[in-house]
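Here is how the chains run, residue by residue.
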Amino acid sequence: MGWFPEFPGPFPIEAMYGKVGLYLVAFLIGLAFGYILEIGGFGNSTKLAAQFYLKDMTVFKVMFTGIVVAMVLIFGASGLGLLDYNRVYVNPTYLWPGIVGGLIMGFGFIIGGF
Amino acid sequence: MFFVLGLFAGIFVFGETIDSLLSDFWNSSYMGRFTLPELFSVPTGYVVLAIVVVAIFLFWGAEKVEAMMGGEKPKKSQTKYKLAGAGVLIAAALAVVIIGQPTPQDRWEWIAAEKQPLLENRAVYIHPAELLDYIYNDRVDVVMLDVRDETDYNLFHIEDARRVSLDELPQLSEELLQKPANTLFVVMSNGETRATEAWKILVAESLTNVYILEGGINNWLATFNIEPDEEGVAVAMAPVPVTPPPPGDEVLHYKFPAALGAQYPAAYPDPHEFEDIEYTPKVKLEIKQATGGG
Amino acid sequence: MMDGTVKKQPKPFANPYAAGVLLGVVLFVAFLLTGSGLGASGPLNRYLVYLEDKIAPEHVNRVPYLINYAGGDKNPLDNPFTFLGIGVVAGGFLSGLIHHRLRFETNKGPRINNQTRWLMAFLGGILMGYGARFARGCTSGQGLSGGAVLSVGSWAFLLAVFVGAYALAYSLRRLWI
């Protein structure tokens, strides 16, 4: 095994580069995530709340574009054998707690902004 | 700032109260790893395509609504980029439909180079006595999958072994992937041929700690069958070896007085009686990579 | 003609679709590298449990939910999501710095005062924190990551967030517009 892990992913980062490697990767991913959220306008609560008054659908656009693009990439990669979907973490479904939690979050969103 | 404090407070309140107040509800309607393609029983590609189309339609709707509510007007100059983007997305989604998701056969071919040697040097064939030790090992959870026909299974099977056909395995593997990391999967058939096929499917579906019962049920019976005698085992409770054994790997080498399934003493051997059997231990439990969400 | 003393104006936010595409790519890379998606409330939860464990380890060891994270010798921070969380904050600040949007401000509608807004922020925060843990993930953990891998629960959750928010939005419009 060279320095670069073999396909298909997800890669055993921890086994290959140790905990430090895994944490570094996680940090970099977080960095990119935070940066993108900020340039998307997620740092501004008025903009976020405007979403729910139908004036500015930025939240919806950014989130949904993100989901759709990632989805196409994930299943495309899975079809090509680059990513092993079976080893990807899929949030387990707890249907009703999820829905109730979602409603509570929605209320919180409006009351508190983000 | 206040918001973040509130967040912490909310999370704190949750952690403090969830176990005492609402844990029944919080743990209710658990469906495990349950995905939209399974919900609608359509291939993944079509779900992806449908979501892409709906998303593009919703984006279009969102911009109409924004304009109506007096928000920012969309700039004309961006229209062609948006159209291009939508086109690329739909094309990519169509490609996902066409490529499709890998079949167990595809998945096996990707990993065959790495995994075939395990079969050839018999690293994943475990001795019946090793399986027995793990059944009685409290730190390891053993899941036994019996891939024989229903008839043979009804005649005799190891206690707690679950019957499953080869066709059902890819579907079942989703459930098996949810098992805790200390789970040992053992597949078995009368001989080894069919169990080896089952092993390939499960390994291709990314299950770890999958092993094959060496020599199959025939070997299990040869190891643990108790000779009938006057005091202990009744004649009616002992399978009789067929001599000479019938040809073919997947044929039972024993005759059974009745279809008693797991009621034969050989289905639940006493580990103390057989603790002297020597074997080469082959099981190496691997711990899966920990994952989680936020 | 440019006056050097004029404070640099905040640059406008990126096109939402462009940001969305980038977000999707990052999410995909996260899945490809680590096998799991992104999260924001998970890391927060871990920081909190860490503090609780420092202050009252006995208590943590008595509550089943908390034991998961910090029972016995377990350190709740010993997890990649901890570092992901730090990354998110750092990334947000970095971008704010580059685009001159970093400032202390209170975003609100013109009809309420700052104190009301702060109180509401605190209340909303409580609800969001509670809701996020209740649903086993926030908008990024459940919605974004779970949505992309087509989890049924995540899609139900996403719908619920939007339904909840829109249901309440009208009656509370004074806060924002």
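All figures in this text were calculated on a predicted structure; none of them were measured in a lab.

Novice: Sorry if this is basic, but what is going on with the overall build of chain C here?
Specialist: Of regular secondary structure, chain C possesses eight helices and zero strands. Listed by position from the N terminus, the elements making up chain C come as α-α-α-α-α-α-α-α. Within the span of chain C, comprising 177 residues, buried residues form 54% of the whole. When contacts within chain C are restricted to residue pairs at least 6 apart in sequence, those whose partners lie at least 24 apart make up 56%.

Novice: Looking at this structure, how should I read the pattern of salt bridges?
Specialist: Once their charged atoms are close, side chains differing in charge can pair, the charge on each being opposite to the other. All names here are of chain B. By the definition in use, this model includes nine salt bridges over all chains. As a salt-bridge pair, arginine 148 and aspartate 146 come within 2.9 Å of each other at their nearest N and O atoms. Residues glutamate 214 and lysine 282 are paired through a salt bridge, measuring 3.9 Å at the closest nitrogen-oxygen approach. Of this pair, glutamate 214 sits in the loop between strand 6 (210-213) and helix 10 (216-224) while lysine 282 sits in the segment after strand 8 (254-255); the two residues are 68 residues apart in sequence, bridging distant segments of the chain. Ionic contacts of the salt-bridge type, sharing partners, join the residues Arg122, Glu192, Glu214 and Lys282 into one network.

Novice: I'm lost on the confidence of the model for chain B in this one. Help?
Specialist: Detailed reading of the predicted coordinates is not advisable wherever pLDDT is low. Residues and elements named next belong to chain B. The pLDDT averaged across chain B works out to 79; a share of 80% of its residues lies at or above 70. By mean pLDDT, helix 1 (residues 2-26) is the weakest element of chain B at 61, and strand 6 is the strongest at 93. Counted against residues more than four places away or in other chains, residues 289-294, with its pLDDT under 50, gives 22 contacts.

Novice: What's the story with the pairing of strand 5 (residues 183-188) of chain B in this structure? I'm lost.
Specialist: For a regular strand, side chains alternate in direction, first toward one face of the sheet and then toward the other. Residue and element names in this part refer to chain B. Of all the six residues making up strand 5, six are buried; the element is thus mostly covered by neighbouring parts of the structure. Residues Thr183, Phe185 and Val187 point to one face of strand 5 and Leu184, Val186 and Met188 to the other, with burial holding for every one of them. Pairing analysis gives six bridges linking strand 3 (residues 141-146) to strand 5, with the strands arranged parallel. Counted as the bridge partner of aspartate 146 is methionine 188 from strand 5.

Novice: Would you mind going over the side chain of aspartate 146 of chain B with me for this structure?
Specialist: Among the structural elements, aspartate 146 of chain B can be located in strand 3. Classification of aspartate 146 of chain B by relative accessible area gives buried; the value is 0%.

Novice: For this particular structure, what's the right way to read the sheet that holds strand 3 of chain B?
Specialist: Residues and elements named next belong to chain B. Ordered by their spatial adjacency, five strands build an open sheet running 2-6-5-3-4, and the pairing between neighbours is parallel. Single-partner strands in this sheet number two, and they are strand 2 (125-126) and strand 4 (162-163). The sheet strands contacting helix 6 (residues 128-135) are strand 2, strand 3, strand 5 and strand 6, and the helix crosses strand 3 at an angle near 130 degrees.

Novice: When you look at the environment of valine 88 of chain C in this model, what are you seeing that I'm missing?
Specialist: With respect to the secondary-structure elements, valine 88 of chain C resides in helix 5 (residues 80-98). Aside from chain neighbours lying at most four places away, what touches valine 88 of chain C is Gly30, Leu31, Phe33 and Gly34 of chain A.

Novice: Could you clarify how one ought to interpret the environment of threonine 243 of chain B in this entry?
Specialist: Its location among the elements puts threonine 243 of chain B in the loop between strand 7 (240-241) and strand 8. In this structure, the C-alpha to C-alpha distance between threonine 243 of chain B and leucine 132 of chain B, residues 111 residues apart in sequence, is 26 Å.

Novice: What is the right way to look at the pairing of strand 3 of chain B in this model?
Specialist: Residue and element names in this part refer to chain B. Along strand 3, five of the six residues are buried, which leaves the element largely enclosed by surrounding structure. Direction of pairing for strand 3 relative to strand 4: parallel, over a ladder of two bridges. Looking at strand 4, one finds that leucine 145 is bridged to arginine 162.

Novice: Would you mind showing me how to read a negative patch on the surface here?
Specialist: Together, Asp270, Glu273, Glu275, Asp276 and Glu278 of chain B give the surface a local cluster of negative charge. Here glutamate 273 of chain B falls in the exposed class, since its relative accessible area comes to 53%.

Novice: Sorry, what's going on with the nonpolar core here?
Specialist: Ranked by internal contacts, the top residues of the largest apolar core, which has 63 residues, are Val48 of chain B together with Leu150 of chain C. If you list the elements that add at least two residues to this core, you get helix 1 (13-39) and helix 3 (58-80) of chain A, helix 3 (44-68) and helix 4 (79-99) of chain B together with helix 1 (16-34), helix 5, helix 7 (139-148) and helix 8 (152-169) of chain C. Here this core takes 14 residues from helix 3 of chain A, the largest share from any one element. In this view, leucine 150 of chain C contacts Met71 and Phe75 of chain A, Phe34, Thr35, Leu36, Pro37, Thr44, Val47, Val48 and Ile51 of chain B together with Trp155 of chain C; residues no more than four positions away in its chain are not counted. Residues Leu119, Leu132, Leu145 and Val283 of chain B belong to the second largest nonpolar core, which totals 53 residues.

Procedures and definitions
Residues numbered from 1 in each chain as written. Chains lettered and ligands numbered in written order. Predicted model: local features only at pLDDT ≥ 70, side-chain atom pairs only at ≥ 80, totals over all residues. Heavy atoms only, no water. Helix = DSSP H or I, 4+ residues; strand = E, 2+ residues; numbered from the N terminus. Buried < 20%, exposed > 50% of the residue type's maximum accessible area, 1.4 Å probe, protein only. Contact = heavy atoms within 4.5 Å. Salt bridge = Lys/Arg side-chain N within 4 Å of Asp/Glu carboxyl O. pLDDT = per-residue confidence, 0-100. Pairing = 2+ DSSP bridges. Axes fitted to C-alpha atoms, helices over the stretch in contact; angles between N-to-C directions. Patch = residues over 30% accessible without salt bridge, like charges linked within 9 Å, V, L, I, M, F, W, Y side chains within 5 Å. Areas by Shrake-Rupley, 256 points an atom, 1.4 Å probe, with all protein chains shown as cover. Lys, Arg positive; Asp, Glu negative; His and termini not counted. Charge placed at Lys NZ, Arg CZ, Asp CG, Glu CD. Core = buried A, V, L, I, M, F, W, Y, C linked by side-chain atoms within 4.5 Å.

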